[in-house]
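Observations on the three-dimensional arrangement
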Amino acid sequence: MTMNETTPAESATHTVPAAVLTRRATAETCADPSSVMTLLADSHPAAGGFTSYRSTFARGAAGAPAHFHTRASELFFVISGALQVLVGEEVTVLSEGDFLAVPPHTPHAFAAAPGCEADVLFVFTPGMDRFDYLRLLGRVMRGEADPKEIAESSERFDNHYVDSPAWRAALEASA
């Protein structure tokens, strides 16, 4: 069976989403002073979508401040290194091979664990065309865009920032 064929059990009104293949050699990358994001797949939810990218964080790199999503779950898989994460009000460290799924409405944050680098695969489901958000983050981190653009895009990209005393304390302790 090829990737575009349908199975006999499918109805004429149901369309199977196409397979997604992104080759490392052709994947777009976004970089800021402390990380590189490799953009893998950005599918619209109506197409059975998800968004996936890989971030490689330098030693001590900041990731994302405390935030939550109202529509998407965010999945983390640590390929190598260690990632410090906030989930709700609990701060923990994910190590190589660890997986974390954060459901909608759950405050979370992440950064390279103190003294560590981190290589992490991120998946959002359902997807929502988040690559423009990742590109914006890179421009802001490089000083090429105004940080207020991030706040103005919270509804579009389902990224809502919150204050977290637990995350602030964890960051101060590792400084």
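This text goes with the structure placed above it.
To keep things clear, this report deals only with the structure shown in the data block. (Residues numbered from 1 in each chain as written. Predicted model: local features only at pLDDT ≥ 70, side-chain atom pairs only at ≥ 80, totals over all residues. Heavy atoms only, no water.)

Glancing now at helix H1 (residues 131–141). Burial in H1 covers these residues: Phe131, Tyr133, Leu134, Leu136, Gly138 and Val140. For H1, the elements touching its buried residues are strand E1 (28–32), strand E2 (35–42), strand E3 (51–57), helix H2 (148–152), helix H3 (154–157) and strand E10 (160–161). Just past H1, the residue Gly143 takes up positive phi, approximately 80 degrees. (Buried < 20%, exposed > 50% of the residue type's maximum accessible area, 1.4 Å probe, protein only. Helix = DSSP H or I, 4+ residues; strand = E, 2+ residues; numbered from the N terminus. Contact = heavy atoms within 4.5 Å.)

Take the packing of aromatic side chains next. In this description, a pair of aromatic rings is defined by centroid distance and the angle of the planes. A full pass over the atoms with the stated rule returns 7 aromatic pairs. Pairing Tyr53 with Phe122 gives two aromatic rings, centres 4.9 Å apart and planes at 15 degrees, and the pair type is stacked. Here Phe122 lies in strand E9 (residues 118–125) and Tyr53 lies in strand E3, a separation of 69 residues in the sequence. With centroids separated by 5.5 Å and ring planes inclined at 75 degrees, the aromatic side chains of Phe76 and Phe110 adopt a geometry described as edge-to-face. One end of the pair, Phe76, is in strand E5 (residues 73–87); the other, Phe110, is in strand E8 (residues 108–112), with 34 residues separating them in the sequence. Taking the relative accessible area as the measure of exposure, Phe76 reaches 1% and is therefore buried. Within the aromatic cluster, the residues linked to one another by ring pairs are Tyr53, Phe57, Phe76, Phe110, Phe122 and Phe124. The ring of Phe124 carries Arg130 above its face, with NZ or CZ at 4.1 Å from the centroid. (Phe/Tyr/Trp six-rings, centres within 6.5 Å; stacked < 30°, edge-to-face > 60°. Lys NZ or Arg CZ within 6 Å of the ring centre and 35° of its normal.)

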